[in-house]
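Results of the structural survey
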Amino acid sequence: MTLDSVTKDPQYAALAKGDRVATPLYEDPAIFDVEMEKIFGKAWVWVAHESEVPGKGNFKLSWVGTQPVIVSRDRKGALHVLVNRCRHRAASVCEVKKGKTSSFQCPYHGWGYALDGSLRAIPYAEGYAGEFDKSQLGLRQLRVGTYQGMIFATFDQEAEPLEDFLGNAKPWIDLFMKQGGGFPIKTLGEHQFKVPMNWKIQLENTTDAYHFPVVHKSFLQSLDGETNQTFSFMDDDDGWVEDLGNGHSVMVMMPELIDLDENLDEPIPERFKALAASLEDRYDDAQIRRIVRAVGGCGFNLNLFPNAGCSLSFFRILRPVSVAETEIRHIALGMDGGPAEANQMRLRLHEHFQGPMGFGSPDDAEVWERVQRGSAGGVDMDVMVHRGLGLEEDSPNGLPKGDISAETGMRAAYAKWQEMMA
Amino acid sequence: MKDLPDTEITLDQAVKFLWEEADILDRQDYDAWIGLWDEAGLYVIPVDPDTEDFADHLNLVYDDHQMRRARAQRLQGGFSISAAPPAKTVRTLSRFVVTASEPGSLTLRSAMHVVEDKFGRQRLFAANVEHRLIATPEGLRIGQKVVRLLNSDGVLTSISYLF
């Protein structure tokens, strides 16, 4: 079967069945190829945060699906997302992960490109007949959109505007960014690790509260009593999961921490008291409370289809590598210009749970890999995402809203998957 | 800083100590490992390969005494799915270089290779490790340990044992 005949096959969309999905969605390389074309080749995909390319000439390597891209800021400050491939013979034009430059030059034959991707010069142009039309051979450009500092790109020049695609997720992104505590948000570093699993297993997990007390028992045991209470959302009955449309969803674990600017007169938790005391010489009480509240992060996980999560106090970015390989980035966020000890505490909290050696991520990675290994058995059986179905209410947006453990967010993502794969 | 015994630590003593530590870690006897530490010591696995300012940068591990004990408890308590059962490891330390020496303390850098076996597959990690060892009346203790993994700022895998 060729790729052309695969992509025209309407049966792919039928593999998502509402409350369950067919096992080949995790296993079949042909489906993965179609996903890269129809989903990652069309959707708005998260590529970077603006603080990673803060000034003119700054660039950062990233990916849209399996395609390598460069996120750059030109001399006028405009952002560009360019396919990292020379238009001549396809060599990558940049292999430095992040930095500052005035141009990109192909190492093979010396073709030079500007920060906006336009072709500036080629050596020995007389070897081409007639006039060499440079305007037709710039680096391939993606459409770029930003929202609240997050940079997205799409290969689809006809795609709906980014803000329309984000839709009901926008108010939640606005709330998420309040963790700056009044300061701009900047990235503080990232953990990166690879797991032998399909990308959708990670996509599901950002909106899966059901696993938390089971998989993260050893993390919970490492917390003090008060903090442990904060993470007891599966035993409380006030959290929820909400379908936001377009494949996005929000999982509200700690409703009291949705809006970090509200209820600031609440008592400061024990684990933040030393931090609060250290800020007394520089900030007034209201600002100290705002900073301290922000350090703990937001009380929800926001899943942005297809590859980004805004989770507590960090971005969780997935990159599909192959049908059974996915790379994950956990990007720590801090306060640009905020107090050093507050950012240090953010880093320590991040290290405690996230990343290759955190108290939480390795256990997540273990069960994700177990899903991939287990799905090699019984490929005719479906993967069930029906928890909470029949118990949901309508959200204010007129979309399904389930209890904290409902698989509402996964169904939201698979509905968008189905729509895009049709 | 407490007073250290005014003894010289020899390279031979230090290397034997590091090999004992390596053996303890491969046996995953984390209680014994905690006992090798000076309580004030810091165990760091940085992300940035070049930084010395660990507090202001993101690390894979940044453990003081309390976090070391919590980590040991997590890895051997039986409640961590990634460590029950854990990957098996075999490690080698070699190419020892003394980088600082004073009465009562010795700092040395070594090359470490760790092979991990789990799920029928093997993975290899390489690192430069720096130990600051201090002499105490009870014997050598680790005053600081910094593990600089190759590709620490690149894509790693999840890891449920110690380097």
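Above this note sits the structure.
Throughout what follows, the structure given in this document is the object of discussion. Here the structure is a predicted model, which is why all the values come from computation and not from measurement.

1. Describing the sheet that holds strand E1 (residues 37–46) of chain B
Residues and elements named next belong to chain B. Reading across from one edge, E2-E1-E6-E5-E4-E3 is the order of the six strands in this open sheet, with mixed pairing throughout. Of all strands in the sheet, those with a lone pairing partner are strand E2 (59–63) and strand E3 (88–102), marking the two edges. Between one strand axis and the next, the sheet turns through 20° on average, direction left out of account. Contacting E1 and E2, helix H3 (residues 65–76) runs over the sheet at an angle of about 75° to E1.

2. Quick look at the sheet that holds strand E14 (residues 248–252) of chain A
Sheet strands pair by backbone hydrogen bonding; their relative direction is either parallel or antiparallel. With mixed pairing, ten strands are arranged side by side in an open sheet as E20(A)-E21(A)-E13(A)-E14(A)-E15(A)-E16(A)-E17(A)-E18(A)-E12(A)-E7(B). The sheet is open, and its two borders are formed by strand E20 (393–394) of chain A together with strand E7 (156–157) of chain B, each paired with just one other strand. Bridge analysis of strand E15 (residues 300–304) of chain A against strand E16 (residues 308–311) of chain A gives four bridges, and the strand direction is antiparallel. Paired with Asn301 of chain A across the bridge in E16 of chain A is Ser311 of chain A. Sitting on the sheet, helix H13 (residues 361–374) of chain A touches strand E12 (185–195) and strand E18 (325–335) of chain A, and the angle it makes with E12 of chain A is about 40°.

3. Things to note about H3 of chain B
An ideal rise of 1.5 Å per residue puts 16 Å on twelve residues; H3 of chain B measures up with 17 Å between its terminal C-alpha atoms. When we look at burial in H3 of chain B, the residues that qualify are His65, Met67, Arg68, Ala70, Arg71, Ala72, Arg74 and Leu75 of chain B. The inward-facing, buried residues of H3 of chain B contact helix H8 (217–221), helix H12 (340–353) and H13 of chain A together with helix H2 (30–34), E1 and E2 of chain B. Positive phi shows up at Gly78 of chain B, right after H3 of chain B, with a value of about 85°.

4. Comments concerning the packing of helix H11 (residues 285–295) of chain A against H12 of chain A
Residues and elements named next belong to chain A. The N-to-C vectors of H11 and H12 enclose an angle of 20°; their axes lie 9 Å apart at closest approach. Put simply, H11 runs roughly parallel to H12. Between H11 and H12 the crossing geometry is right-handed. Between H11, through Ile291, Ala294 and Val295, and H12, the contact on the second element is made entirely by Ala342, Met345, Arg346 and Leu349.

5. Description of the side chain of Thr206 of chain A
Residue and element names in this part refer to chain A. Looking at the secondary structure, you find Thr206 in the loop between helix H6 (199–205) and helix H7 (212–215). Take Thr206: its relative accessible area is 3%, and that puts it in the buried class. Within the structure, the side chain of Thr206 is placed 3.4 Å from the side chain of Arg316, a separation counted as a polar contact. Not counting residues up to four positions away in its chain, the partners in contact with Thr206 are Met251, Asn301, Leu302, Asn303, Gly309 and Arg316.

6. Description of the nonpolar core
Residue and element names in this part refer to chain A. Counting residues in hydrophobic clusters, the biggest one holds 50 residues, and the most contacted among them are Met150, Trp172, Phe231, Phe300, Leu302, Leu304 and Phe315. Considering each element in turn, this core owes the most residues, four residues, to helix H5 (residues 170–176). No fewer than three residues from each of domain 1 (45–154) and domain 2 (167–421) sit in this core. Contact partners of Phe315, with chain neighbours within four places excluded, come to Trp46, His49, Met150, Phe176, Met177, Gly309, Cys310, Arg329, His330, Ile331 and Leu333.

7. What to know about the pattern of salt bridges
Residue and element names in this part refer to chain A. Within the structure shown, the criterion is met by 36 salt bridges over all chains. Salt-bridge contacts for Lys416 lead to Glu419; the nearest nitrogen and oxygen are separated by 3.1 Å. Here the residue Lys416 and the residue Glu419 both occupy positions in helix H14 (residues 408–421), the gap between them amounting to three residues, near one helical turn. What makes Glu419 exposed here is its relative accessible area of 52%.

What counts, and at which threshold
Residues numbered from 1 in each chain as written. Chains lettered and ligands numbered in written order. Predicted model: local features only at pLDDT ≥ 70, side-chain atom pairs only at ≥ 80, totals over all residues. Heavy atoms only, no water. Pairing = 2+ DSSP bridges. Helix = DSSP H or I, 4+ residues; strand = E, 2+ residues; numbered from the N terminus. Axes fitted to C-alpha atoms, helices over the stretch in contact; angles between N-to-C directions. Contact = heavy atoms within 4.5 Å. Expected span 1.5 Å × (residues − 1). Buried < 20%, exposed > 50% of the residue type's maximum accessible area, 1.4 Å probe, protein only. Parallel < 35°, antiparallel > 145°, perpendicular 65-115°, else oblique. Left-handed = near helix turned anticlockwise from the far one by under 90°. Polar contact = N/O pair within 3.5 Å; in protein donor to acceptor, adjacent residues only side chain to side chain. Core = buried A, V, L, I, M, F, W, Y, C linked by side-chain atoms within 4.5 Å. Domains from an automatic or database assignment. Salt bridge = Lys/Arg side-chain N within 4 Å of Asp/Glu carboxyl O.

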